[in-house]
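A closer look at the structure
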Amino acid sequence: MVNSTVSEASLLYANTDFTKLNWLETQWAAWYLWIGNPILATGLASFLLHEVVYFGRAIPWIIIDATPYFRKWKLQPTKIPTAADQWACTKQVLFSHFTVELPVIWLFHPMAEFFGMATWQVPFPHWTAIVPQIMFFFVFEDAYHYFAHQALHWGPLYKHIHKIHHQYPAPFGLAAEYAHPAEVFILGTGTIFGPILYCMFRRDLHIFTVYLWIVLRLFQAIDSHSGYDFPWSLQHILPFWSGAEHHDFHHMAFVNNFSTSFRWLDRFFGTDSKYREYRARLKAAKASGMTPEEYAKMELRLSEEAEREGVAAEKIAENLSFKTGFTFGAPKTKVQ
Ligand SMILES: [Zn+2]
Ligand SMILES: [Zn+2]
């Protein structure tokens, strides 16, 4: 007769040959054995992973913001977040994490089990199974986000939900999840629903793969809000990768660039026309042989112009209601 949950957990591994496991797999099993309750073990691991990676990845960006040397790669060089901005942002992010993500994460184990996802099981899948799964999650999330994000720009949803995320026209790493709890839930669904959908049809997914995906997705989200475009940034290696250079424009200009990871949907649907025009003007300015000072002035003038138009577009979006209808992306009409 099994009385304690610890004994129940050790029963999970009754048929496991520990001599065949690698170091990480042994630690994984040790974690489940130590916590004793798989629901608690998965819930705690998921929450801790998210917090450690989110804040851990944001710290280098805080240091970069505080180091003038890096200013030459800042996309909006005159807009450096203050310590007060970073702190206000941290508080809002923690509030969202504890109100929305904590319960969702704690329901994750029962949900995972329901769809047949492996959790406590070891060994992990082979990397040849992991890589295509993660690629599918990236593509799925990007498409989901593209449409859900545009829906959040529609009047009533914008005014009551997405406006918070747009508080910073020049974002910084910590601002990635600076959003209304409803937005964290709506857009977070794109991250979680890909694995669930995959699991429903294929039934061969391990939560370890989902964790790897979540870590990569957090890096993508935080880095795209960093406000920096370095010569070694991923978008210079993979031209279809969005990165900060793409998403920073969305915050600055309010319109265009609704995707997360890739540029192809914005290109396909033409929701990057303003962004491309902006880049083309800067490129032409650079090619015209201006001095660096003249170029900096030109860049500032263009970005101020884009931001001014963005403020007007935001007002139009806020004035849109159920009566005036639904417009995908940037409203085309002028404020009366
Ligand atoms: Zn937006
Ligand atoms: Zn953003």
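Residues numbered from 1 in each chain as written. Chains lettered and ligands numbered in written order. Predicted model: local features only at pLDDT ≥ 70, side-chain atom pairs only at ≥ 80, totals over all residues.

Some points on the overall build of the chain
If you tally the helices and strands in the chain, you get 14 helices and zero strands. Mapped in sequence order, the helices and strands of the chain form the string α-α-α-α-α-α-α-α-α-α-α-α-α-α. Computed over its C-alpha atoms, the radius of gyration of the chain comes to 22 Å, within 12% of the 20 Å expected for a compact globule of 336 residues. For the chain, the spread of C-alpha atoms along the three principal axes comes to 75 × 50 × 40 Å. Going through the 336 residues of the chain one by one, you find that 35% of them count as buried. Counting contacts in the chain only where the partners sit at least 6 residues apart, residues at least 24 apart contribute 65% of the total. (Helix = DSSP H or I, 4+ residues; strand = E, 2+ residues; numbered from the N terminus. Rg over C-alpha atoms; globule rule 2.2 N^0.38 Å. Buried ≥ 20, exposed ≤ 12 C-beta atoms within 10 Å, placed from the backbone. Contact = placed C-beta atoms within 7 Å.)

Things to note about the nonpolar core
Leu-174, Ala-175, Tyr-178, Ile-222 and Ala-253 are the most contacted members of the largest nonpolar core, which has 33 residues in total. At the level of secondary structure, the elements contributing two or more residues to this core comprise helix 3 (38–65), helix 4 (83–106), helix 8 (181–202), helix 9 (207–224), helix 11 (243–253), helix 13 (273–287) and helix 14 (292–319). Leaving out residues up to four positions away in the same chain, Ile-222 has contacts with Arg-57, Ala-58, Trp-61, Gly-173 and Ala-176. Phe-108, Ile-207, Val-210 and Trp-213 belong to the second largest nonpolar core, which has 11 residues in total. (Core = buried A, V, L, I, M, F, W, Y, C linked by C-beta atoms within 7 Å.)

Comments concerning the packing of helix 2 (residues 23–35) against helix 3
The N-to-C vectors of helix 2 and helix 3 enclose an angle of 120°; their axes lie 8 Å apart at closest approach. As far as their axial angle goes, helix 3 and helix 2 are oblique. Both helix 2 and helix 3 take part in a crossing whose hand is right-handed. Contacts between helix 2 and helix 3 pair Trp-31, Tyr-32 and Ile-35 from the former with Pro-38, Leu-40, Ala-41, Leu-44 and Ala-45 from the latter. Classifying every residue of the contact of helix 2 with helix 3 gives eight nonpolar, no polar and no charged. (Axes fitted to C-alpha atoms, helices over the stretch in contact; angles between N-to-C directions. Parallel < 35°, antiparallel > 145°, perpendicular 65-115°, else oblique. Left-handed = near helix turned anticlockwise from the far one by under 90°. Nonpolar A, V, L, I, M, F, W, Y, C, P; charged D, E, K, R; others polar.)

Observations regarding the environment of Pro-103
Relative to the assigned elements, Pro-103 resides in helix 4. Accessibility expressed as a C-beta count within 10 Å gives 11 for Pro-103, which makes it exposed. A C-alpha to C-alpha distance of 9.0 Å links Pro-103 and Gly-43, two positions 60 residues apart in sequence.

With respect to the domain arrangement of the chain
Partitioning the chain into domains gives domain 1 (1–36) and domain 2 (37–319). Here the C-alpha centre of domain 2 lies 36 Å away from the C-alpha centre of domain 1. Each side of the interface is counted separately: domain 1 has 12 residues, and domain 2 has 10 residues. Those elements that provide at least two residues to the side of domain 1 that touches domain 2 are helix 1 (5–12) and helix 2. Per-element accounting of the side of domain 1 that touches domain 2 gives the leading share, six residues, to helix 2. For the side of domain 1 that touches domain 2, the residue count by class is eight nonpolar, three polar and one charged. (Domains from an automatic or database assignment.)

Observations regarding the environment of Val-104
On the secondary structure map, Val-104 appears in helix 4. According to the C-beta neighbour criterion, Val-104 is partly exposed, with 18 such atoms within 10 Å. Through-space distance from the C-alpha of Val-104 to that of Gly-188 is 10.0 Å; in sequence the pair is 84 residues apart.

Digging into helix 6 (residues 127–152)
When the terminal C-alpha atoms of helix 6 are compared, their 36 Å separation across 26 residues agrees well with the 38 Å that a helix rising 1.5 Å per residue should span. Here helix 6 has its buried residues at Gln-133, Phe-137, Glu-141, Asp-142, His-145, Tyr-146, His-149 and Leu-152. Those residues of helix 6 that are buried lie in contact with helix 7 (155–160), helix 8, helix 9 and helix 12 (264–269). (Expected span 1.5 Å × (residues − 1).)

A few points about helix 4
Between its first and last C-alpha, helix 4 extends 32 Å over 24 residues, near the 34 Å set by a 1.5 Å rise per residue. Taking the largest bend as the criterion, helix 4 deviates by roughly 35°, centred on His-97. Residues Cys-89, Gln-92, Val-93, Ser-96, Glu-101 and Ile-105 constitute the buried set of helix 4. In this structure, the buried residues of helix 4 make contact with helix 3, helix 5 (108–114) and helix 8. (Bend = angle between axes of the 7 residues up to and from the residue.)

Points about the packing of helix 13 against helix 14
Helix packing geometry: the angle between the two helix axes and the distance between the axes. Two elements in contact, helix 13 and helix 14, have axes whose closest approach is 10 Å; the angle formed by their N-to-C orientations is 165°. One element, helix 13, and the other, helix 14, form an angle in the roughly antiparallel class. Crossing angle aside, the handedness with which helix 13 passes helix 14 is right-handed. Counting all contacts with helix 13, which are made through Tyr-278, Arg-281, Leu-282, Ala-285 and Lys-286, the residues of helix 14 involved are Tyr-295, Met-298, Glu-299, Leu-302 and Ala-306. Class assignment of the residues belonging to the contact of helix 13 with helix 14 gives a composition of seven nonpolar, no polar and three charged.

Digging into the confidence of the model for the chain
Scored by pLDDT, the chain comes out at a mean of 89, with 93% of its residues at no less than 70. Residue range residues 329–336 is modelled with pLDDT below 50. Its contacts to residues more than four positions away, or to other chains, number 16 contacts. (pLDDT = per-residue confidence, 0-100.)

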